[in-house]
Amino acid sequence: MLDALAPGDRFWIARELLVMPEEMPWLIRWMVNTFVRPSDIKLMKHKHIEVVRAKHVYLRMNLPETKRHSQPIVSLQPAVRVYERLVAHRARHGFDGADDYIFLPQLKNREHALAVLNFLFHWVLEVEGIEKGPLGQDRTLYCLRHTAITLRLLYGQGIDMLTLARNARTSVNMVERFYASVLNGEMNVGLLQSRRGRTV
């Protein structure tokens, strides 16, 4: 029984799940624009997500506590469109309630749901021939979180490490060790060359 599946147990993927679901592109775009961990994906429900339309448009995500972090996560604006399309799709299939899961809501065993998403993501990587990173490391679903944080370090104008770390529910030390370590000065040469405007 899938409902009795324990972490680390082997599992079989049902035949109906061996078709690439429509939500995989949404999942990839979602993770690159929200900073979430794969473990957040398995627990995320519609009641955890709020669309904010003010000076900036973003998702406020009040997710269950992970790794002793419980503060809301703020998404980038592209995540709003992904979420709205997901909600419209879920509504057509009856999975748009507050307590419905956002990804693979039909699978009530969430360890199994995350394992299926990992399998599908590896399938995408295999088809595209990009299973390995530039240093030979295996790419996983977690790499999308790395991408989200690294892109902010590269292109977030003037963003500071503390703000980024707090929003990604991690520490400045972790950002420096695992994300900023792949950057070099030339990648942000524009910021290095910039000057504060003169005040009159």
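Scroll up a little and you will see the structure.
Predicted, not measured: the structure shown is a model, and the values here were computed from it.

About the criteria used
Residues numbered from 1 in each chain as written. Predicted model: local features only at pLDDT ≥ 70, side-chain atom pairs only at ≥ 80, totals over all residues. Heavy atoms only, no water. Helix = DSSP H or I, 4+ residues; strand = E, 2+ residues; numbered from the N terminus. Buried < 20%, exposed > 50% of the residue type's maximum accessible area, 1.4 Å probe, protein only. Contact = heavy atoms within 4.5 Å. Areas by Shrake-Rupley, 256 points an atom, 1.4 Å probe, with all protein chains shown as cover. Salt bridge = Lys/Arg side-chain N within 4 Å of Asp/Glu carboxyl O. Axes fitted to C-alpha atoms, helices over the stretch in contact; angles between N-to-C directions. Parallel < 35°, antiparallel > 145°, perpendicular 65-115°, else oblique. Left-handed = near helix turned anticlockwise from the far one by under 90°. Nonpolar A, V, L, I, M, F, W, Y, C, P; charged D, E, K, R; others polar. Pairing = 2+ DSSP bridges.

(A) Looking closely at the overall build of the protein chain. Per the secondary structure count, the protein chain includes 8 helices and 3 strands. For the protein chain, the succession of helices and strands along the chain, N to C, is α-α-β-β-β-α-α-α-α-α-α. Within the protein chain, the proportion of its 200 residues that are buried is 38%. Once local pairs closer than 6 in sequence are excluded, the contacts in the protein chain between residues at least 24 apart make up 62%. Within the structure as shown, the protein chain displays about 12,500 Å² of accessible surface, and the carbon and sulfur contribution to it stands at 54%.

(B) Focus on the pattern of salt bridges. For the structure shown, the criterion picks out 7 salt bridges. Across the pair Asp99 and Lys45 runs a salt bridge whose closest N-O atoms are separated by 4.0 Å. On the criterion of sequence distance, the pair formed by Asp99 in the loop between α3 (78–93) and α4 (110–128) and Lys45 in the loop between α2 (38–43) and β1 (49–53) is long-range, its members being 54 residues apart. The class for Asp99 is partly exposed, based on a relative accessible area of 48%. Residue Lys45 is classed as buried on the basis of its relative accessible area, which comes to 17%.

(C) Geometry of the packing of helix α1 (residues 23–32) against α3. Here α1 crosses α3 at 150 degrees, and the two axes come no closer than 9 Å. Relative to α3, α1 is oriented roughly antiparallel. As α1 runs across α3, the sense of the crossing is left-handed. In contact with Glu23, Trp26, Arg29 and Trp30 of α1, α3 contributes Ala79, Val82, Tyr83, Arg85, Leu86, His89 and Arg90. For the contact of α1 with α3, the class distribution of residues is 6 nonpolar, 1 polar and 4 charged.

(D) Examining the sheet that holds strand β2 (residues 57–61) more closely. Across the sheet, 3 strands lie side by side as β1-β2-β3; this open sheet has antiparallel pairing. The outermost strands of the open sheet, each flanked by one partner alone, are β1 and β3 (73–74). Of the pairings in the sheet, the one linking β1 to β2 comprises 5 bridges and is antiparallel in character. Counterpart to Glu50 in the pairing with β2 is Arg60. Against the sheet, α3 engages β1 and β2, with an angle of about 125 degrees to β1.

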